[in-house]
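# Survey of secondary and tertiary structure
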Amino acid sequence: MKVTAAQLAHLLDGSLEGDPEAVVSRPARIEEARSGDLAFLDNPKYESYAYTTNASVLLVHESFQPERPIAPTLIRVADVRNSLALLLEKFDNSLSNGSVISEQASIHERARIGIGTSIGAFVVIEEGAIIGDNCIIYPQVFIGRNVRIGSNCKIYPGVRLHHDCEVGDNCILHANAVIGGDGFGFAPQADQSWKKMPHVGNVVIENDVEVGSCTCIDRAAMGSTLIRSGVKLDNLIHIAHNVEVGNNTAIAAQAGIAGSTRIGENCLIGGQTGIVGHVNIANGTKTQAQSGLSTGVEEPNTAVFGSPAIEYKNYIRSYVIFKQLPELQKRVRELEKALMALGGKV
Amino acid sequence: MKVTAAQLAHLLDGSLEGDPEAVVSRPARIEEARSGDLAFLDNPKYESYAYTTNASVLLVHESFQPERPIAPTLIRVADVRNSLALLLEKFDNSLSNGSVISEQASIHERARIGIGTSIGAFVVIEEGAIIGDNCIIYPQVFIGRNVRIGSNCKIYPGVRLHHDCEVGDNCILHANAVIGGDGFGFAPQADQSWKKMPHVGNVVIENDVEVGSCTCIDRAAMGSTLIRSGVKLDNLIHIAHNVEVGNNTAIAAQAGIAGSTRIGENCLIGGQTGIVGHVNIANGTKTQAQSGLSTGVEEPNTAVFGSPAIEYKNYIRSYVIFKQLPELQKRVRELEKALMALGGKV
Amino acid sequence: MKVTAAQLAHLLDGSLEGDPEAVVSRPARIEEARSGDLAFLDNPKYESYAYTTNASVLLVHESFQPERPIAPTLIRVADVRNSLALLLEKFDNSLSNGSVISEQASIHERARIGIGTSIGAFVVIEEGAIIGDNCIIYPQVFIGRNVRIGSNCKIYPGVRLHHDCEVGDNCILHANAVIGGDGFGFAPQADQSWKKMPHVGNVVIENDVEVGSCTCIDRAAMGSTLIRSGVKLDNLIHIAHNVEVGNNTAIAAQAGIAGSTRIGENCLIGGQTGIVGHVNIANGTKTQAQSGLSTGVEEPNTAVFGSPAIEYKNYIRSYVIFKQLPELQKRVRELEKALMALGGKV
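What counts and what doesn't
Residue positions within a chain follow its written sequence, with the count starting from 1. Following the order in which they are written, the chains are lettered starting with A and the ligands numbered starting with 1. Totals for whole chains, interfaces and linings use all residues, but because this is a predicted model, local features are given only for residues with pLDDT of at least 70 and pairs of side-chain atoms are given and counted only at 80 or more. Remark: hydrogens and water are excluded; side-chain values derive from all non-hydrogen atoms of the structure. Least-squares fitting of one copy onto the other uses the C-alpha atoms of those residues that reach a pLDDT of at least 70 in both copies. By the criteria applied, helices consist of DSSP H or I runs no shorter than four residues and strands consist of E runs no shorter than two, each listed in order from the N terminus. Any residue under 20% of the maximum accessible area for its type is buried, any over 50% is exposed, and the rest in between are partly exposed; the area is computed with a 1.4 Å probe on protein chains only. Should any heavy atoms of two residues lie within 4.5 Å, those residues are counted as being in contact. Residue ranges for the domains trace back to a domain assignment, done automatically or taken from a database. The term disulfide is used for any two cysteine sulfur atoms that are within 2.5 Å. Two strands form a pair only when DSSP identifies at least two bridges running between them. Every angle, taken between N-to-C directions, lies between 0 and 180 degrees, and every axis is a line fitted to C-alpha atoms, over only the stretch in contact when it is a helix. Using a 1.4 Å probe, buried area is obtained as the accessible area two parts lose upon being combined, added over both of them. Salt bridges are defined by distance alone: a side-chain nitrogen of Lys or Arg within 4 Å of a carboxyl oxygen of Asp or Glu. Any pair of N or O atoms that falls within 3.5 Å is considered a polar contact. Within protein, one atom must be able to donate a hydrogen and the other to accept it, and sequence-neighbouring residues count only if both atoms are side-chain atoms. Nonpolar cores were defined as sets of buried Ala, Val, Leu, Ile, Met, Phe, Trp, Tyr and Cys residues, with membership established by side-chain atoms within 4.5 Å. Expected span, for any helix, means 1.5 Å times one less than how many residues it has. A patch is a set of surface residues, each over 30% in relative accessible area and not in a salt bridge, joined within 9 Å for like charges and within 5 Å for the nonpolar side chains Val, Leu, Ile, Met, Phe, Trp and Tyr. Reported accessibility uses the Shrake-Rupley method at a 1.4 Å probe radius. Residues are deemed covered only where the shown protein chains occlude them. Between 30 and 60 degrees the pair is tilted, below 30 it is stacked and above 60 it is edge-to-face, where a pair is any two Phe, Tyr or Trp rings, Trp via its six-membered ring, whose centres lie within 6.5 Å. By definition here, charges over rings are those cases where NZ of Lys or CZ of Arg is within 6 Å of the ring centre and within 35 degrees of the ring normal.

### Regarding the relation of the copies chain B and chain C
- The operation relating chain B to chain C is a screw motion whose rotation component is 120 degrees, with 0.0 Å of axial translation and a residual RMSD of 0.1 Å. Here the copies are linked by what is in effect a three-fold axis.

Okay, structure coming up:
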C-alpha cells in the first residue's frame with residue numbers, strides 16, 4: 001500500500017507541514033524508520049529522534065513545537081495514538097481469506113455456526129455449541145458443549161473454551177488461552193488429603209474483551225466468573241473462580257486474581273500484581289507492577305504499591321528511607337554514643 | 001435435577017429447620033441465589049447475606065446461631081464444604097457421554113488403551129504409551145512415547161505429556177498443561193554462549209494429583225521430577241527439573257519452584273511464591289503469596305513471608321514499621337536536634 | 001547402552017582412578033545412584049554424597065580432593081558440566097525415528113518443507129511458510145502464513161507461530177509456547193473504553209535460541225520483537241511487543257519484560273523478575289529472582305534486587321536492617337526517653 005502525506009492528512013483530519021506528495025508504504029518506529037516510512041511521535045522520551053529520523057512522514061501532536069528543523073513532512077493530529085490505530089488497521093496484513101469451514105475440523109451435528117464464520121483445521125466444536133456470524137476460529141481450537149460465542153470474534157489457535165462458557169461480540173482470545181477450567185477449590189480432609197469441590201458454574205465474557213495468550217480464566221464453583229465488557233487481559237494472567245472484572249479494566253501480564261474477588265471498572269492492574277480472594281477493588285484502582293493486595297480497596301481511584309500493598313505515595317516514601325536504612329541505623333548508633341557522652345543512659 | 005430440602009438433609013445427614021418440602025434445582029452463591037436455589041454459608045464474611053438471600057434452602061454449619069430470622073429452610077451439617085462437595089457432584093454437568101475412541105485420533109498400533117477409556121479427536125498417542133481404564137482423554141492431547149497413565153484420569157484438551165513420563169490413578173490434568181518439557185539447564189561456555197544439558201530423566205506424577213491449566217512441570221536431567229500423591233497444583237505454575245513435591249501439598253497459581261528443590265508434605269505454597277533451587281522445605285510449611293524463599297525451611301509448620309522470606313510474624317512486624325519509616329526518620333532528626341540543643345555532638 | 005569407565009575417560013579426555021572395567025548403563029544423580037550408574041559431582045553442596053554413593057563411576061573436577069576414601073571409579077575432567085552434557089547426549093532417548101510427513105497434517109500447497117524435516121499429525125502449516133532442513137515439527141503445532149523457520153529446529157507440540165514470524169537455525173521451542181500474538185497496546189478513548197492498536201510487526205528469533213513451555217513472545221506493533229542468537233528463555237515468560245533481548249542472555253521462569261525494553265547481552269534475569277517498558281538494561285546485568293526494575297540499568301555487569309530494584313548489595317544491606325526494624329524503633333524510643341531524662345525536648 002502506497003499513500004501520500006496529503007492523503008494521510010485528509011484521512012486523519014490533520015494539518016500538514018512540508019511536502020504533501022511525500023509517499024510512504026510502511027509504518028515504522030521513529031528510531032528505526034527509513035525513507036518511505038511513516039513514523040510517529042507519541043512519547044516525549046523519543047523526541048530526539050524527530051530531528052534525526054529518516055522517515056518520510058512523521059505523525060505528531062497538534063501542539064508539538066520542534067526545537068530544531070525537522071526533515072520529514074509533519075502531520076499534526078489531535079490524538080497521535082488514535083490516529084495511529086486508525087492507520088495501522090489500513091496496513092494490517094493479518095486478515096483471513098474469507099469464510100471457510102475446514103473439512104478437517106470436527107464439528108458436532110448439533111452445533112450451530114453463523115454466517116461468514118470460518119473454522120480452521122483440527123478445531124473441535126462439541127454438541128450444543130453456538131457460534132455467531134463473521135467469527136474466525138483458527139486451527140486447533142477446542143469449543144466444548146453448549147459454549148456460546150457472539151459475532152465478530154477471533155479465537156486463535158489452541159484456545160480451550162470449556163463447556164457452558166459464554167463469549168460476547170467482538171472478542172479476541174489469543175493462542176492457548178484457557179477459559180473455564182475448574183477452579184482451585186478443595187475441602188481439607190481429616191487425613192490431610194483434599195477433596196475436590198466440583199465446579200458447576202461457568203465463565204461469562206461480555207463484549208469487546210481481549211484475552212492474552214496462555215491466560216487462564218477458571219469457571220465458577222457455581223454462578224459465573226464474569227469478565228465485563230471492554231476488559232483487556234494481557235498474557236499469562238490467572239483469574240480464579242467467581243472473580244468479577246469490571247468494565248474496561250485493563251490487567252497487565254502475569255497478574256493473578258484469587259477467588260471471588262470483585263474488581264471495579266476502569267482499573268489498571270500492573271504486571272505480576274497479586275490480589276487476594278474475597279475482596280472488592282474500587283473503580284479506577286491502579287496497582288503498580290508486582291503489588292500484592294492482601295485487602296480490598298475502598299476508595300475509588302486509589303494507586304497502590306508494595307506487598308502487602310499500601311497507598312502508592314506512602315510506599316514510595318517509605319521505600320526511599322528503606323534504601324537509606326544503613327545510614328539511619330548509623331545515626332541511631334551515633335545518637336546513642338553522643339547521649340552517653342552527655343551522661344544519658346540507653 | 002429437582003430435590004427437596006428433606007431429601008438433601010437425609011443425603012447429608014444434616015438436621016433441618018423450616019419447610020422440608022422446599023424444592024431446589026440449582027446450587028448458587030448466597031449473594032446471588034434466587035428462589036428455587038440451594039445456597040450455603042461457609043465463610044463468616046458472607047453471614048449478612050443469610051438474612052437477605054432468596055435461596056429456598058441454605059446449608060449452614062451445625063453451630064450457626066442466626067442473629068435475625070432467616071427465610072430459607074436451613075440444613076445444618078458438621079462440615080459445610082464437604083457437604084457442598086458431595087452435593088455439587090450430584091449437580092455436575094460436565095460428565096462425558098460414555099467411552100468413545102475418536103476415529104480422528106492418531107493412536108500408534110503399539111500403544112495400549114484400557115477398558116472404558118475415551119479418546120477425543122486429534123489426540124496423538126505415540127508408540128509404547130499405556131493408558132489405564134476409565135480415563136477421559138479430551139481432544140487435542142499429546143501423549144508421547146512410553147508414557148504411562150493410570151486409571152480414572154481426566155486429561156483436558158491441549159495437555160502435552162512428553163515421552164517416558166508417568167501419571168498415576170485418579171489424576172486430573174487441566175488444559176494446556178505441559179508435563180516433561182526439558183529442564184532449563186545449560187553449561188556456560190568460554191565464548192559466553194550456553195551448551196544445552198540434555199534431560200534424560202522424566203516426570204512421575206503419583207495418584208490423586210490435580211495439575212492446573214498451563215502449568216509446566218519439567219523433566220529431570222536424570223532421575224525423576226516427582227509429584228507425590230494428593231498434590232494439588234493451580235494454574236500457570238512452574239516446577240523445574242528434579243523438584244520433588246510431597247504428599248498433599250497445595251500450590252497456588254503462578255508459583256515457581258527452581259531445580260532440585262524438595263518440598264515436604266502438607267505444605268501450602270501461596271500464589272506467585274518463588275522458591276530457589278537445591279533446598280529442602282519442611283513438611284507443613286506455609287508461604288504467604290509473593291514470598292521469595294532464598295533458603296530452605298528446616299522447622300516444620302513454619303509460616304514465611306517476604307522476599308527474601310523470613311518468618312511470617314517477623315515480616316509483618318517489620319513491615320508495620322516500614323510503613324512508618326518517614327515518621328521514624330523524623331524522630332531521629334528531632335533527636336539529633338534536641339541532642340545538639342543540649343550540647344551533644346552528632 | 002553399556003560403557004566402561006575406561007571408555008568414558010577416553011571419550012571425555014579425563015584421567016581415571018580406580019577400576020577401568022567398571023561398567024555403567026545409566027546416568028543418575030549422586031544422591032540416588034545405584035550400582036551400574038554413572039554419577040557426577042559438580043555442586044560442592046553435594047560432596048558428602050561422594051563418600052556414600054553406590055554409583056559405579058563418578059565424574060569429578062580435576063582438582064577434587066576427597067577427604068575420605070571413595071568407592072566408585074573416579075573420572076577427573078576439566079569441566080564437569082560440559083563433560084556431563086556430552087555424555088547425556090549419548091544416553092538421550094528422545095530422538096525421533098527419521099523424517100516423516102504425517103498424512104494427518106494440514107500443509108498448504110504453497111508452503112515449503114526442507115529435506116529431512118518431519119511433520120507430526122494435526123500440524124497446520126499455512127500459505128507461504130518456509131521450513132528448513134532436518135527440523136522436527138511435533139504434532140499439533142500451528143505455523144502461520146509466511147513464517148520462516150531455519151534448519152535443525154525442534155518445535156514441540158502445541159507451539160503457535162503466528163504469521164510472518166521468523167525463527168533461525170538450531171532453535172528449540174517447547175510445548176505450547178506462543179510466538180507472535182498481538183502486543184498489549186490500546187489507545188484510551190473519551191468514554192473510558194480502549195481502542196485496539198493493530199500490531200503489524202513480527203517476532204524475529206535468531207539462531208540457537210531455546211524458548212520454554214507456555215512462554216509468550218508478542219509481535220511488534222511495527223518492526224520486530226527481537227530475540228538474539230543464543231538467548232535461553234525458561235517456561236511461562238512474557239516478552240512484550242518490540243522488546244529486544246541481546247545475545248546469550250538467559251531469563252528464568254515467569255519473568256516478564258514490558259514493551260520496547262532492550263535487554264543487553266549476557267544478562268542473567270532471575271525468575272519472576274519484572275522489567276518496565278521503554279528502558280535499556282546494560283550488558284551483563286544480573287537480576288535476583290522477583291526483582292522489579294522500574295528504570296533502566298546503565299552500568300554493565302550490575303547486580304540488582306528488590307522492587308523497585310536497586311543494587312543487589314545495597315538491597316541486602318537495607319533488608320538486613322528491615323528485619324531488625326522493631327529493635328531499631330525500640331532504640332529510638334529509648335533514646336527519646338533518655339534524652340527527656342536529661343532535660344531534652346523531643
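### Overview of the side chain of Thr249 of chain C
All names here are of chain C.
- Here Thr249 is to be found in the loop between strand S29 (244–245) and strand S30 (250–251).
- Looking at Thr249, the relative accessible area reads 0%, which means it is buried.
- Those residues within four positions of Thr249 in sequence are excluded, and the remaining contacts are Gly230, Val231, Lys232, Ile263, Gly264, Glu265, Asn266, Cys267 and Ile269.

### Here we look at the domain arrangement of chain A
- Domain boundaries assigned for chain A yield domain 1 (3–94) and domain 2 (106–315).
- Using C-alpha coordinates to define each centre, domain 1 of chain A is positioned 37 Å away from domain 2 of chain A.

### Observations concerning the state of the cysteines
- Counted according to the given criterion, the structure contains 0 disulfides over all chains.
- Cysteine Cys165 of chain A shares no disulfide, and the gap to the nearest cysteine sulfur, in Cys216 of chain A, comes to 13 Å.
- With a relative accessible area of 0%, Cys165 of chain A lands in the buried category.
- Summary of cysteine pairing: Cys214 of chain C is not part of a disulfide, and the nearest cysteine sulfur, belonging to Cys216 of chain B, is at 3.8 Å.

### Considerations on unusual backbone geometry
- With omega at 0 degrees, the peptide bond leading from Ser307 of chain A into Pro308 of chain A counts as cis.
- Positionally, Pro308 of chain A belongs in the loop between strand S38 (303–306) and strand S39 (309–311).
- Positive phi, normally seen in glycine, also occurs at Gln290 of chain B, with a value near 70 degrees.
- Looking at the element boundaries, Gln290 of chain B is found in the loop between strand S36 (286–287) and strand S37 (292–293).
- If you check the backbone angles, Asn146 of chain C has positive phi at about 65 degrees while not being a glycine.

### Regarding the sheet that holds strand S2 (residues 15–17) of chain C
Residue and element names in this part refer to chain C.
- Pairing is mixed across the open sheet formed by 5 strands, whose spatial order is S2-S7-S6-S5-S4. Each edge of the open sheet carries a strand with a single partner, namely S2 and strand S4 (26–27).
- Sheet topology note: the strand S5 (residues 37–40)/strand S6 (residues 57–61) ladder contains 3 bridges and is parallel. Within the sheet, the bridge partner assigned to Leu38 lies in S6 and is Val57.
- Here helix H2 (residues 80–91) sits on the sheet and contacts S4, S5, S6 and strand S7 (73–77); the angle it forms with S6, its principal contact strand, is near 145 degrees.

### Topic: the interface of chain C and chain A
- Taken together, the contact pairs 75 residues of chain C with 72 residues of chain A.
- Carbon and sulfur atoms make up 61% of the area that chain C and chain A hide from each other, which totals about 5700 Å².
- The three residues of chain C that bury the most area against chain A are Phe184, Trp194 and Met222 of chain C, which together make up 12% of that side's buried surface.
- Taken together, the links from chain C to chain A amount to 2 salt bridges.

### Overview of the environment of Asn170 of chain B
Residue and element names in this part refer to chain B.
- Residue placement: Asn170 occurs in the loop between strand S18 (166–167) and strand S19 (172–173).
- By relative accessible area, which is 36% here, Asn170 ends up partly exposed.
- In this structure the C-alpha to C-alpha distance between Asn170 and Pro198, which are 28 residues apart in sequence, comes to 31 Å.
- Setting aside residues no more than four positions away along its own chain, Asn170 makes contact with Ser151, Asn152, Cys153, Asp208 and Val209.
- A polar contact of 3.5 Å, which involves the side chain of Asn170, links it to the side chain of Asn152.
- A distance of 3.2 Å separates polar atoms of two side chains, one belonging to Asn170 and the other to Asp208.

### Brief notes about the environment of Leu11 of chain B
Residues and elements named next belong to chain B.
- On the secondary structure map, Leu11 appears in helix H1 (residues 5–12).
- A sequence separation of 76 residues divides Leu11 from Leu87, and the C-alpha atoms of the two residues are 8.8 Å apart.
- If we skip the residues at most four places from it in the chain, Leu11 touches Leu86, Leu87 and Lys90.

### Some remarks on the sheet that holds strand S17 (residues 160–161) of chain B
Residue and element names in this part refer to chain B.
- With parallel pairing, 10 strands are arranged side by side in an open sheet as S8-S11-S14-S17-S20-S25-S28-S31-S34-S37. Looking at the sheet topology across the chains shown, the edges are occupied by strand S8 (106–107) and S37.
- In terms of strand pairing, S8 meets strand S11 (residues 124–125) through 2 bridges, oriented parallel. Paired with Ser106 across the bridge in S11 is Val124.

### A closer look at the nonpolar core
- Counting 50 residues, the largest nonpolar core has Ile143, Ile149, Leu161, Ile205 and Ile239 of chain C as its most contacted members.
- Residues contacting Ile205 of chain C, with those up to four places away along its chain left out, are Glu166, Val167, Gly168, Cys171, Leu173, Ile179, Val211, Ile217 and Ile227 of chain C.

### Structural notes on helix H5 (residues 325–341) of chain B
- Over its 17 residues, H5 of chain B extends 24 Å from the first C-alpha to the last, a length consistent with the 24 Å expected when each residue adds 1.5 Å.
- Regarding H5 of chain B, the residues found buried are Leu325, Leu328, Gln329, Arg331, Val332, Leu335, Glu336, Ala338 and Leu339 of chain B.
- Residues of H5 of chain B that are buried make contact with helix H3 (312–323) and helix H4 (325–341) of chain A, helix H4 (312–322) of chain B together with helix H4 (325–341) of chain C.
- A positive backbone phi angle near 95 degrees is found at Gly343 of chain B, which sits one or two residues after H5 of chain B.

### Notes on the pairing of strand S20 (residues 178–181) of chain A
Residues and elements named next belong to chain A.
- Where strand S17 (residues 160–161) lies against S20, 2 bridges are found, and the strand directions are parallel. Residue pairing across strands places Arg160 opposite Val178, the latter belonging to S20.
- Relative to strand S25 (residues 216–218), S20 runs parallel, the two sharing 3 bridges. Residue pairing for S25: Gly181 is matched across the bridge by Asp218.

### Considering a nonpolar patch on the surface
- Nonpolar side chains collect at one region of the surface, where Leu342 of chain A, Leu342 of chain B together with Leu342 of chain C lie side by side and expose about 200 Å² of accessible area between them.
- Note on placement: Leu342 of chain B falls in the segment after H5.
- On the basis of relative accessibility, which here comes to 34%, the residue Leu342 of chain B falls in the partly exposed class.

### Considering the interface of chain B and chain C
- Facing 76 residues of chain B, the contacting portion of chain C comprises 71 residues.
- Between chain B and chain C, roughly 5700 Å² of surface is buried when both sides are summed, and carbon and sulfur atoms account for 60% of that area.
- Considering only the side of chain B, the residues that lose the most area to chain C are Phe184, Trp194 and Met222 of chain B, jointly responsible for 12% of the buried surface there.
- At the junction of chain B with chain C, the criterion picks out 2 salt bridges.

### Side note on the packing of aromatic side chains
- Going through the model one piece at a time under the given rule, you end up with 30 aromatic pairs over all chains.
- Arranged with centres 6.2 Å apart and planes meeting at 70 degrees, the rings of Phe322 of chain A and Phe322 of chain B form a pair that is edge-to-face. In this pair, Phe322 of chain A sits in helix H3 while Phe322 of chain B sits in helix H4, so the two residues belong to two different chains. Phe322 of chain B carries the same exposure label as Phe322 of chain A, and that label is buried.
- Of note, Arg68 of chain A hangs over the ring of Tyr51 of chain A, and the distance from its end group to the ring centre comes to 4.6 Å.

### Notes on the side chain of Gln254 of chain A
- Here Gln254 of chain A shows up in the loop between strand S30 (250–251) and strand S31 (256–257).
- A residue is classified by how much of its surface remains accessible, and Gln254 of chain A, at 8% relative accessible area, is buried.
- Polar side-chain contacts of Gln254 of chain A include one of 3.3 Å to the backbone oxygen of Gln254 of chain C.

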